[in-house]
Amino acid sequence: MAESVSAVRTVRRSDTPGMTVQADVCVVGAGISGTTAAIMLARRGHRVALVDSCTWIGGQAVGVPIGTIAGLFSAGPNPFLLSPVLATEVLDALAREDACYIQYSRRARTNTVVYDEVTAMRIFEQMLRAGDVQIILGGVVTAADLDGRRIRAVDVATRFGACRIAARAFVDASGDAALAWTAGLACREPTMAIHGTQMCVLEGVVCGDPAETRAVVQHAEGLIRERGEAYGLTRREGVIFLLPSRQVAILNVTHVETPLDPVAFWHHGLEGREQVERAIALLKAEYPEVFGRAHVRSLGHPGIRQTRSIVGMHMLTVDEVNAGVRFPDAIARVAWPIELHDTAAGYRWEPFPDGHVHYIPLRSLLHAEADNLIATGRCIDADPFALSSVRVMGPCMATAVAAAECIDLALWSDSSLHDVDAGKVQERVAPNLDGEWPWPPDGGTSASGA
Ligand SMILES: Cc1cc2nc3c(=O)[nH]c(=O)nc-3n(C[C@H](O)[C@H](O)[C@H](O)COP(=O)(O)OP(=O)(O)OC[C@H]3O[C@@H](n4cnc5c(N)ncnc54)[C@H](O)[C@@H]3O)c2cc1C
């Protein structure tokens, strides 16, 4: 017979400090950029700690979810991959699971990739596991130990108690420059409100075969535009993505403010969820043959487009983007349009001519006031217009690859990230700077014109 006395013990919290994780590199933020940086650093043989305040891997790419990878391809009638490093592996893995759909967007004149977010999350998790990355989810960075120009450690609050991560280099992949901000380093904020979006994943959508997808999307987007006001929608220029293999539609049809204020953020977030409900009511009533039997699979975390960035060694400007300046320290190339969501009803959309590319310099990733802190993703140093182009997921992956290579080069010589020879980083990211990389190799399986 089991004895209850030996099956339980009395415990009490002690005053001993929380655990400490020792790593070569600490990456703050497990979105597309932080996850990419962590995978690449692990592949270079570094001990990596990856921390995120959310409880899942993939940040907004999974938890919002974003639904479409943009910015990976060139603009023009025959788009090729601009940033193949790691991206090709991710796309291949999604395709093997029948979890993505390539669409040619007539609006953007390039390919985007609609993906299933759960499959994407598992792909990232497996890659991180293969690199033995130490993952701390549900961990908010609350303090940074800044010693002169070096961050020595960060303090993290988790539901299981406090944790300290000590490392030689740090990546700010928080999207909101949360690490730079917490360390008391200079940051930038836009002076205008830039709207986020409460996304929605609908399942049970009658997508038709891939050939019909374009017409379905165009009709649904037209209904939002023309009938939205009658249903009380704030945003008129919404976009909808279909993933025919899953009978799923991903609605990007709302606009919400996303202030960095814990109470105001959720005030707007709940308003966004009401906008979603109105949009669904519209689609069910006006397009019942496609949306009549659909229901909500998920309402993720309200999506945040642009908030706070680092002050880097160079602020990428919209003039440089428009001119396609190839900087001496260019580490990523981009062709995605200017896409600034600075009004509630719509957004500025400025596509580039076919063949245009613009570049991101390494200096826009390096924090001006720290020797061992580099940013990736949507909090690199760029003005709001330039950032609205380079914040999409393709460039986020490309800046993360470059950040990882820069750290790798610095750690071998124990030097400042600022002393790394940008030419050596460029050698390592050469496929992301030059060349035309077809994907999929057979030229594609589908085409849509959202
Ligand atoms: C609604 C919406 C639609 C979009 N549509 C597209 C699209 O169709 N295609 C496309 O390519 N891009 C799109 N984008 C842009 C793109 O998705 C994002 O810019 C990109 O995902 C940013 O990736 P990231 O890794 O830099 O940041 P995020 O994905 O935001 O990840 C940052 C992570 O850092 C964590 N974090 C923040 N602060 C802390 C802290 N103090 N402690 C610990 N962790 C912290 C967060 O929890 C988060 O998970 C869209 C963005 C939004 C908001």
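Residues numbered from 1 in each chain as written. Predicted model: local features only at pLDDT ≥ 70, side-chain atom pairs only at ≥ 80, totals over all residues. Heavy atoms only, no water.

Under the annotation held in an unreviewed UniProt entry, the protein chain carries the name FAD dependent oxidoreductase and is attributed to Sphaerobacter thermophilus.

Caption draft 1: Molecular detail of the pairing of strand S10 (residues 161-166). Where strand S1 (residues 19-22) and S10 come together, 4 bridges link them in parallel fashion. Residue Met19 lies in a different strand from S10, and its bridge partner there is Cys163. In this sheet, S10 lies alongside strand S9 (residues 150-158) in antiparallel orientation, the contact comprising 6 bridges. Residue Val154 lies in a different strand from S10, and its bridge partner there is Ile165. Here S9 folds back onto S10, and the loop between the two strands holds 2 residues. (Pairing = 2+ DSSP bridges. Helix = DSSP H or I, 4+ residues; strand = E, 2+ residues; numbered from the N terminus.)

Caption draft 2: Layout of the confidence of the model for the protein chain. Considering every residue of the protein chain, the mean pLDDT works out to 95; 97% of them sit at 70 or more. This model gives residues 445-450 a pLDDT under 50, and the stretch forms 25 contacts once residues within four places in sequence are excluded. (pLDDT = per-residue confidence, 0-100. Contact = heavy atoms within 4.5 Å.)

Caption draft 3: The arrangement of the environment of Gly175 in detail. Note on placement: Gly175 falls in the loop between strand S11 (169-172) and helix H5 (178-182). Here the alpha-carbon distance between Gly175 and Ser309, two residues 134 residues apart in the chain, equals 7.6 Å. For Gly175, the contacting residues outside a window of four places in its chain are Thr307, Arg308, Arg378 and Cys379.

Caption draft 4: Quick look at unusual backbone geometry. In this structure, Pro65 follows Val64 across a cis peptide bond, with omega equal to -25°. Mapped onto the secondary structure, Pro65 falls in the loop between helix H2 (59-63) and strand S4 (68-69). Note that the residue after Trp439, namely Pro440, is joined by a cis bond; omega there is -10°. Within the secondary structure, Pro440 is located in the segment after helix H13 (430-433). Positive phi outside glycine occurs at Arg109, with the angle close to 50°. Take Arg109: its relative accessible area is 33%, and that puts it in the partly exposed class. (Buried < 20%, exposed > 50% of the residue type's maximum accessible area, 1.4 Å probe, protein only.)

Caption draft 5: How the structure looks around the packing of helix H3 (residues 87-96) against helix H4 (residues 117-130). Direction vectors running N to C along H3 and H4 enclose 130°, while the axes themselves pass 10 Å from each other. When the interaxial angle is binned, H3 and H4 end up oblique. Seen along the crossing, H3 lies across H4 with a hand that is right-handed. Contact residues: H3 offers Glu89, Val90, Ala93 and Leu94, while H4 offers Thr119, Ala120, Ile123, Phe124 and Met127. Within the contact of H3 with H4, the residues separate by chemical class into 7 nonpolar, 1 polar and 1 charged. (Axes fitted to C-alpha atoms, helices over the stretch in contact; angles between N-to-C directions. Parallel < 35°, antiparallel > 145°, perpendicular 65-115°, else oblique. Left-handed = near helix turned anticlockwise from the far one by under 90°. Nonpolar A, V, L, I, M, F, W, Y, C, P; charged D, E, K, R; others polar.)

Caption draft 6: Here's a closer look at empty space enclosed by the protein. Tallied over the full model, the rule gives 2 cavities of 30 Å³ or more. The calculated volume of the largest cavity comes to roughly 50 Å³. Around the largest cavity, the lining residues are Ile32, Ala61, Ile69, Val90, Leu94, Tyr115, Ala120 and Phe124. Those elements that provide at least two residues to the lining of the largest cavity are H3 and H4. In terms of residue class, the lining of the largest cavity is built from 8 nonpolar, no polar and no charged. Counted as a void, the second largest cavity has a volume near 40 Å³. Contributing to the lining of the second largest cavity are Arg150, Arg168, Ala169, Asp371, Asn372, Ala410, Leu411, Ser415, Ser416 and Leu417. Each residue belonging to the lining of the second largest cavity can be placed in one class, and the counts come to 4 nonpolar, 3 polar and 3 charged. (1 Å grid on protein atoms, 1.4 Å probe; cavity = no way out; pocket = protein on both sides within 12 Å on 5 of 7 lines; lining within 4 Å. Points joined across faces, edges and corners; volume = space filled by probe spheres on them.)

Caption draft 7: Structural context of the packing of helix H6 (residues 210-227) against helix H7 (residues 262-286). One can describe the packing of H6 onto H7 by two numbers: an axis separation of 10 Å at closest approach and a directional angle of 115°. One way to sum up the angle between H6 and H7 is to call them roughly perpendicular. Handedness of the H6/H7 crossing: right-handed. For the pair H6 and H7, the contacting residues are Ala220, Leu223, Ile224 and Arg227 in the first and Ala279, Leu282, Leu283 and Glu286 in the second. Looking at the contact of H6 with H7 residue by residue, the classes come out as 6 nonpolar, no polar and 2 charged.

Caption draft 8: Up close: the site of the ligand. Contacts to the ligand come from 31 residues, most closely from Ser33, Asp52, Thr68, Ala70 and Arg391. Between the ligand and the protein, one listed contact pairs a nitrogen atom with a backbone N or O atom of Thr68 at 2.5 Å. At 3.1 Å from an oxygen atom of the ligand is found a side-chain nitrogen or oxygen belonging to Arg378. Those elements giving two or more residues to the shell around the ligand turn out to be helix H1 (32-43), H2, S4, strand S8 (140-147) and helix H11 (393-413). Looking at side-chain class alone, the shell around the ligand contains 14 nonpolar, 13 polar and 4 charged residues. (Near = heavy atom within 4 Å. Polar contact = N/O pair within 3.5 Å; in protein donor to acceptor, adjacent residues only side chain to side chain.)

Caption draft 9: Just the pattern of salt bridges, in detail. One pass over the full model with this rule turns up 24 salt bridges. Salt-bridge contacts for Glu89 lead to Arg43; the nearest nitrogen and oxygen are separated by 2.8 Å. Taken together, the positions of Glu89 in helix H3 and Arg43 in helix H1 put the pair 46 residues apart, joining distant regions of the chain. For Glu89, a relative accessible area of 35% corresponds to the partly exposed category. Residue classification places Arg43 among the partly exposed positions, given a relative accessible area of 47%. Put simply, Asp434 and Arg326 hold a salt bridge, and the shortest N to O gap is 3.0 Å. Of this pair, Asp434 sits in the segment after H13 while Arg326 sits in the loop between helix H9 (318-323) and strand S18 (330-334), and the two are 108 residues apart along the sequence. Of the residues examined, Asp434 reaches a relative accessible area of 40% and is grouped as partly exposed. Sharing partners across several salt bridges, the network here consists of Arg44, Glu405, Asp408 and Arg428. (Salt bridge = Lys/Arg side-chain N within 4 Å of Asp/Glu carboxyl O.)

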